[in-house]
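# Coordinates in review
Here's the letter readout for the chains.
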Amino acid sequence: MPDFVSTEEIIQLARRRVHQGVWDYLVGGSESETTLRRNRLAFDRLAFRPRVLRDVSSIDTSTTFLGHKLRIPVMLAPVGSLQVFDPEGGAAATRAAAEFGIMHVLSSVTAPTLEETAACVDYPKMFQLYVHGDWAWIEDIIARVVEADYKALCVTVDVQHYSRRERVMVERWVQPTRRAPRDPYWGAALTWDLMDRIRDLAGLPFMIKGIATVEDALIAVDHGVDVIWVSNHGGRQLDHSLGSMEVLQEIVEAVDGRAEIVVDGGVLRGSDVLKAVALGAKAVAIGKLQAWGLSAAGSDGVVRMLEIMEDEMTSAMGLLGVTSMDQLGPEYVVKTDAVVTSPHEMSAWVNMPVDRVP
């Protein structure tokens, strides 16, 4: 196992190992990257309210999600083209999730195939779908997902049109999943009625990824969605949106326990995970950290990144005065405008030597 002591070291090595276009694909957002920065700023604007003189000699960082135990309330988010970060792609991420004890949500636009990834390790995993074809195409891929024994299905719904991701545009780099022509009609034509058909066809716990408003969260609950995934695609789709954490609490309150809640966007430290759980998320999903770990050291890099995050969580929980996830609530955080760093894709770290900043 790599002996990284901090995530900064993982990032530094990852930066040296990837092409500029790959780096820009991972860390960039759309257009002005305002949404990307707001994702991080939303975490930075939450301060902790610690309690003292409590017995925190034994701390449990685990939780359950859709009936599956997670060692920490973190999942590996669906990231397209994982093979550009590590040759083994999705299989490497799935193995890391299994080794550490969390779940990977496999992207439908990464290599290897969903069957090959499912077979790489006997451990629960979930599947994320971009709709890129007609009903016959959907029927075929859902049959494959069910046959491969994925435990849940996630449909991403915030890609009605592909955004202008200008970092990679300027670099003239195109990720593998964009090199093959696709008819954009199918993604743009998604409706709630089609979501119902997909959910019924799969017969699996059903997640919708890309919810950013109370209005859509309530519609999702009315349509029997099991998991509402609060997300703005990591700031990579609609620019000038609110940060995911800015809308999390109001969505949690509106849903009122009728669905489990996942959030992503800007999660970089264990303390971020605790803030999300305190405001009602069941788990967070990580994309950049996952890809940085793969780029630095393959599966082992992801496992070590998760170990570091777990250690950060354990330390923060003890200092907050809590010993389990179910003890966290909104009383442990408070909003503040006293932001001390300028938000960007790596503003959770201030310890990088100046001559080694990526």
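Check the entry above for the structure.
Below or above, wherever it landed, is the structure these notes cover. (Residues numbered from 1 in each chain as written. Predicted model: local features only at pLDDT ≥ 70, side-chain atom pairs only at ≥ 80, totals over all residues. Heavy atoms only, no water.)

All right, on to the packing of helix α3 (residues 34-44) against helix α12 (residues 244-255) then. Interaxial distance between α3 and α12 falls to 7 Å at its minimum, and their mutual angle equals 60°. Relative to α12, α3 is oriented oblique. Mapping the contact onto sequence places Arg38, Asn39, Ala42 and Phe43 in α3 and Ser244, Met245 and Glu246 in α12. Within the contact of α3 with α12, the residues separate by chemical class into three nonpolar, two polar and two charged. (Axes fitted to C-alpha atoms, helices over the stretch in contact; angles between N-to-C directions. Helix = DSSP H or I, 4+ residues; strand = E, 2+ residues; numbered from the N terminus. Parallel < 35°, antiparallel > 145°, perpendicular 65-115°, else oblique. Contact = heavy atoms within 4.5 Å. Nonpolar A, V, L, I, M, F, W, Y, C, P; charged D, E, K, R; others polar.)

On the secondary structure map, Asp44 appears in helix α3. Classification of Asp44 by relative accessible area gives buried; the value is 18%. Excluding residues that lie within four positions of it along the chain, Asp44 makes contacts with Val339, Thr341, Pro343 and Ser347. (Buried < 20%, exposed > 50% of the residue type's maximum accessible area, 1.4 Å probe, protein only.)

What the rule picks out here adds up to zero disulfides. Considering cysteine sulfurs only, Cys120 is the nearest to Cys154, which forms no disulfide, with 19 Å between them. (Disulfide = S-S within 2.5 Å.)

In terms of nonpolar packing, the biggest core is built from 114 residues, with Leu153, Ile198, Ile228, Leu248, Ile251 and Trp292 touching the most fellow members. Of the residues forming this core, the biggest block, 15 residues, is contributed by helix α14 (residues 288-320). Leave out the neighbours within four places in its chain, and Leu248 touches Val230, Ile261, Val263, Ala276, Leu279 and Ala281. (Core = buried A, V, L, I, M, F, W, Y, C linked by side-chain atoms within 4.5 Å.)

Bringing the pairing of strand β11 (residues 283-286) into the picture now. Neither face of β11 is left uncovered, since the one carrying Ala283 and Ala285 and the one carrying Val284 and Ile286 both have all their residues buried. Pairing of strand β4 (residues 74-76) with β11 involves three bridges; the strand directions are parallel. Counted as the bridge partner of Met75 is Ala285 from β11. Two elements, strand β10 (residues 260-264) and β11, share three bridges in a ladder whose sense is parallel. (Pairing = 2+ DSSP bridges.)

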